[in-house]
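Commentary on secondary and tertiary structure
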Amino acid sequence: MESNQQKHTANKADIEPLQRGAGESTQGSYTLIMNWYKINGKNLVGEENLSTLHIRKLLSVLGNPIWNQLYHCWTVELKHMPELQPYVKHTFNPDKFVYFIEAYSNT
């Protein structure tokens, strides 16, 4: 995740509408990045830009994000994977990896 934190910056006002939830504002441009790590590992194994996944769809599948003042992050659980797989080139492998999706405001 650290590599993305350095590449993508957004101020709190740009992303704050996501914190309030899917029902309020999903307008604007967002970059969605999925990262995966080996189970019980700390090093990033892979990263994919989810350019075909719209922020509204992501919010409808995963709900409200984890807020850390710089970006929004979701843990992708096993139950989410079938619905997200059409938007992801990487084939989910929950026996080997844990997955996170991060949203960065482009506005």
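I will try to describe carefully the structure that is included in this document.

Parameters and conventions
- Residues numbered from 1 in each chain as written.
- Predicted model: local features only at pLDDT ≥ 70, side-chain atom pairs only at ≥ 80, totals over all residues.
- Heavy atoms only, no water.
- Helix = DSSP H or I, 4+ residues; strand = E, 2+ residues; numbered from the N terminus.
- Buried < 20%, exposed > 50% of the residue type's maximum accessible area, 1.4 Å probe, protein only.
- Arc of directions from axis to C-beta.

As for its position among the elements, Ile33 is in strand β1 (residues 30-38). With a relative accessible area of 5%, Ile33 lands in the buried category. In this structure, the C-alpha to C-alpha distance between Ile33 and Glu102, residues 69 residues apart in sequence, is 5.2 Å.

Working note: α-helix, 3.6 residues per turn, so residues spaced by three or four point in the same direction. Residues of helix α3 (residues 55-62) that are buried: Ile55, Leu58, Leu59, Val61 and Leu62. Viewed along the axis of α3, the buried residues span an arc of 165°, placing them on a single side of the element. Among the exposed residues of α3, those pointing more than 90 degrees away from its buried face are Arg56 and Ser60. The first or second residue beyond α3 is Gly63, which carries a positive phi of 85°.

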